[in-house]
Amino acid sequence: MSHKNKFSSEFVNNINQHSAYSLAKAFRTGERKPSQYLEELFEHIEKQNPELNALTNLQKEYAFARAKELESKKPEADQLLYGVPVVIKENIQKIGFSVECASKMLKGYRGQFDATAIASLEKAGAILIASANMDEFAMGSANEHSAHGAVKNPHDLNRVSGGSSGGSSVACAAGFAPISLGSDTGGSVREPAAFCGIFGFKPTYGRVSRYGLVAFGSSLDQISPFARTVEDLDLVLKVIGHEDPLDATTLRGCYESQIEKATLKGKKVGVIRSLLKSGLDENVSEQFTNLEESLKKQGVEFVDIEIPSLSHTLSVYYVIACAEASSNLSRFDGIRFGHRAENTDDLADLYSKSRSEGFGAEVKRRIMLGTFTLSAGYYDAFYGRALAVRDMMAKEFAAVFEELDFIYMPTAPTSAFKFGENSHDPLKEYLYDVFTIPANLTGIPAISLPAKVKEGCLPVGLQFMAAKGRDAELIAFAAALEKAKLVGTTALV
């Protein structure tokens, strides 16, 4: 299905002129004005977004006021994103922006403060332009579970965008902003990046502050960026990747770019072949092999490895994630926070009806599963055991990284699937997270790179993981891959 006339435009295809790095440079030198660029950008968005349904809350007035404010002063040296438009997921706090989390439970809720990542972006000169659609409370792999409706893939309107950060991914892929923020709890940035043909990066847990992010699974969540170039990912991480006194889980120090040291030769990469034996689409398998062979010619060494605990990946993740979701979402009871049902008989009825009306089917499913695993008599059998396996998995990954630079695997087993294909079978949809979940469980950084597919083919995502704290090395490796033209944003055709 071709969308050349509809979604292909200079905002999408001419990456060099519309990357965050290039725009910031043009704005700082006075070659272009942020307000003039916004006029063109909003015209582009208003033509495209109604069909894609990526953005839920366009903030034109705020954006233009912000642009005029920036233009009235001389750019400061640390304003790395001076004038650059940015889209944020609807579960990240920004004063006055929608923070509905794509749920009826929070309908009409607006941000009451700025998340640390948002404050950092604005300090760096970025212009926040909109909130993005998502799976309700970040639970899903297709962005079909949203009170705002599904987000459509710009490469094929009959296919999903990936979840849960589908809106942020499509916004970046369709040229609404060169950078967008999502949240990654089990692959919710990397999978939609793969489906939409762009770059998605999940930092080491704690590298980016979670203050101001509506919690799904607190030990797994990580605010994570999308971009159409690796250079832009590096740029935004310089801005948001730092210690935060408001979040005790953040790491000390800050992200220090190594992109100038980008190289391929001499790197040692592990491949878990046992994970690739079944379930991969032919196009994913082909692209996976193609990149491996190309990297071997560039001097990269590949080693077959095994991580025994990975056989428990999905079980461990869905026990821990659902348990934490059950706890985090208990606050939305119709009294303290969230939708309040009418015509109730008593307090218990108020709780029950408010949560039944406010939450969607997928969120209810995960809350029920989480509540069960935390209940008396089952806590040790399920939650406690899952935590023990998670700890073992982290140790096994750490041991592997003592011998290797990176681990290589697909981002998702297939390209974007059609709407409704998995909605009747939740377990089938959960399987799409099998390659991304390990990075969240172990807290390590991971990046999804768009494979160089043939024109007209659906995008394919290929993933690399690094040891905890080695975010900059992973970004530098990705930059070397992009420079060698082995990966790159998939054009809309």
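In this report, we go over the structure that sits alongside the text. Owing to the predicted nature of the structure, the values given are computational and were not obtained by experimental measurement.

The rules we used
Residues numbered from 1 in each chain as written. Predicted model: local features only at pLDDT ≥ 70, side-chain atom pairs only at ≥ 80, totals over all residues. Heavy atoms only, no water. Helix = DSSP H or I, 4+ residues; strand = E, 2+ residues; numbered from the N terminus. Rg over C-alpha atoms; globule rule 2.2 N^0.38 Å. Buried < 20%, exposed > 50% of the residue type's maximum accessible area, 1.4 Å probe, protein only. Contact = heavy atoms within 4.5 Å. Areas by Shrake-Rupley, 256 points an atom, 1.4 Å probe, with all protein chains shown as cover. Lys, Arg positive; Asp, Glu negative; His and termini not counted. Charge placed at Lys NZ, Arg CZ, Asp CG, Glu CD. Pairing = 2+ DSSP bridges. Right-handed = clockwise from strand over helix to strand, strands pointing away. Axes fitted to C-alpha atoms, helices over the stretch in contact; angles between N-to-C directions. Parallel < 35°, antiparallel > 145°, perpendicular 65-115°, else oblique. Left-handed = near helix turned anticlockwise from the far one by under 90°. Core = buried A, V, L, I, M, F, W, Y, C linked by side-chain atoms within 4.5 Å. Nonpolar A, V, L, I, M, F, W, Y, C, P; charged D, E, K, R; others polar. Salt bridge = Lys/Arg side-chain N within 4 Å of Asp/Glu carboxyl O.

### Focus: the overall build of the protein
Thought 1: Check the secondary structure of the protein and you find 18 helices and 13 strands.
Thought 2: For the protein, whose C-alpha radius of gyration is 21 Å, the value lies close to the compact-globule estimate of 23 Å for 493 residues.
Thought 3: Reported as C-alpha extents along the three principal axes, the dimensions of the protein are approximately 65 × 55 × 45 Å.
Thought 4: Here the protein holds 493 residues, and 60% of them are scored as buried.
Thought 5: Once local pairs closer than 6 in sequence are excluded, the contacts in the protein between residues at least 24 apart make up 76%.
Thought 6: Summed over all atoms, the accessible surface of the protein reaches about 19,300 Å², with 49% contributed by carbon and sulfur.
Thought 7: Between the mean site of the 54 positive side-chain charges and the mean site of the 61 negative ones, the protein shows a separation of 3 Å.

### With respect to the pairing of strand 9 (residues 268–271)
Thought 1: Here strand 9 runs beside strand 10 (residues 301–304); their pairing, made up of four bridges, is parallel. If you follow Val271 over to strand 10, its bridge partner there is Asp304.
Thought 2: Traced from strand 9 through helix 11 (residues 282–297) to strand 10, the parallel crossover comes out right-handed.
Thought 3: The pairing of strand 9 with strand 11 (residues 406–410) spans three bridges and is parallel. Paired with Gly270 across the bridge in strand 11 is Ile407.

### Describing the sheet that holds strand 12 (residues 446–450)
Thought 1: Strand order across the open sheet formed by 11 strands is 1-3-2-6-8-7-12-13-11-9-10, with mixed pairing between neighbours. Each of the sheet's edge strands pairs with one partner strand only, and the pair in question is strand 1 (55–58) and strand 10. The average angle at which neighbouring strand axes cross in this sheet is 25°, direction not considered.
Thought 2: Along the sheet face, helix 18 (residues 471–483) touches strand 7 (199–202), strand 11, strand 12 and strand 13 (461–465) and points at about 10° away from the line of strand 12.

### Notes on the packing of helix 12 (residues 313–328) against helix 15 (residues 379–401)
Thought 1: The N-to-C vectors of helix 12 and helix 15 enclose an angle of 125°; their axes lie 9 Å apart at closest approach. Judged by the angle between their axes, helix 12 and helix 15 are oblique. You can see that helix 12 and helix 15 cross each other, and the crossing is left-handed. On helix 15, the residues that touch Thr313, Val316, Val319, Ile320, Ala323 and Glu324 of helix 12 are Phe382, Tyr383, Ala386, Leu387, Val389, Arg390 and Met393.

### Observations concerning unusual backbone geometry
Thought 1: Residue Gly163 is joined to Ser164 through a cis peptide bond whose omega torsion reads 5°.
Thought 2: Within the element layout of this structure, Ser164 appears in the loop between strand 5 (156–160) and helix 8 (166–173).
Thought 3: Positive phi outside glycine occurs at Asn143, with the angle close to 60°.
Thought 4: Mapped onto the elements, Asn143 comes out in the loop between strand 3 (127–132) and strand 4 (152–153).
Thought 5: Judged by its relative accessible area of 0%, Asn143 is buried.
Thought 6: The phi angle at Lys485 is positive, at roughly 60°, despite the residue not being glycine.

### A short note on the nonpolar core
Thought 1: Membership of the largest hydrophobic core comes to 85 residues, with the highest contact counts inside it found for Phe137, Leu295, Ile407, Phe464 and Leu481.
Thought 2: If near-sequence neighbours (up to four positions away) are discounted, Phe137 is found in contact with Cys101, Ser103, Met105, Leu106, Val214, Phe216, Leu329, Phe332, Phe359 and Val363.
Thought 3: Counting residues in hydrophobic clusters, the runner-up holds 57 residues, among them Ala117, Val170, Ala173 and Ile179.

### Here we look at the packing of helix 14 (residues 361–374) against helix 15
Angle between the axes and distance between the axes: these two values describe a pair of packed helices.
Thought 1: Interaxial distance between helix 14 and helix 15 falls to 7 Å at its minimum, and their mutual angle equals 105°. Relative to helix 15, the element helix 14 is oriented roughly perpendicular. Here Phe372, Thr373 and Leu374 of helix 14 come into contact with helix 15, specifically with Tyr379, Phe382 and Tyr383.
Thought 2: Considering only residue class, the contact of helix 14 with helix 15 consists of five nonpolar, one polar and no charged.

### Side note on the environment of Thr313
Thought 1: Here Thr313 shows up in helix 12.
Thought 2: Judged by its relative accessible area of 2%, Thr313 falls in the buried class.
Thought 3: As a C-alpha pair, Thr313 and Gly175 span 138 residues in sequence and 35 Å in three-dimensional space.
Thought 4: Non-local contacts of Thr313, meaning those with residues more than four positions away in its chain, are made with Met393, Val434, Ile437, Pro438 and Leu441.

### With respect to the pairing of strand 2 (residues 85–89)
Thought 1: Of all five residues making up strand 2, five are buried, and the element is well covered by its neighbours.
Thought 2: The alternating pattern of strand 2 places Pro85, Val87 and Lys89 on one face and Val86 and Ile88 on the opposite face, and all of these are buried.
Thought 3: Pairing of strand 2 with strand 3 involves five bridges; the strand directions are parallel. From the neighbouring strand, Lys89 faces strand 3, where its bridge partner is Ala132.
Thought 4: Between the parallel elements strand 2 and strand 3, the chain passes through helix 7 (residues 116–123) in a crossover that is right-handed.

### Focus: the environment of Gln79
Thought 1: As for its position among the elements, Gln79 is in the loop between helix 6 (60–71) and strand 2.
Thought 2: Using a relative accessible area of 9% as the deciding quantity, one classes Gln79 as buried.
Thought 3: Here Gln79 is in contact with Arg28, Leu70, Lys123, Ala124 and Gly125, once residues within four sequence places are set aside.

### Some thoughts on the pattern of salt bridges
Side chains that differ in sign of charge can pair as their charged atoms come close.
Thought 1: Applying the stated criterion across every chain, the model contains 21 salt bridges.
Thought 2: Among the ionic pairs, Glu292 bridges to Lys296, the shortest N-O distance being 3.6 Å. Of the two residues, Glu292 and Lys296 are both situated in helix 11; the distance of four residues between them amounts to about one turn of the helix.
Thought 3: A relative accessible area of 40% means that Lys296 is categorised as partly exposed.
Thought 4: A salt bridge links Lys296 to Glu293; the shortest N-O distance between them is 3.5 Å. Of the two residues, Lys296 and Glu293 are both situated in helix 11; the distance of three residues between them amounts to about one turn of the helix.
Thought 5: By relative accessible area, which is 37% here, Glu293 ends up partly exposed.
Thought 6: One salt-bridge network, in which partners are shared between bridges, spans Arg273, Glu292, Glu293, Lys296 and Asp304.

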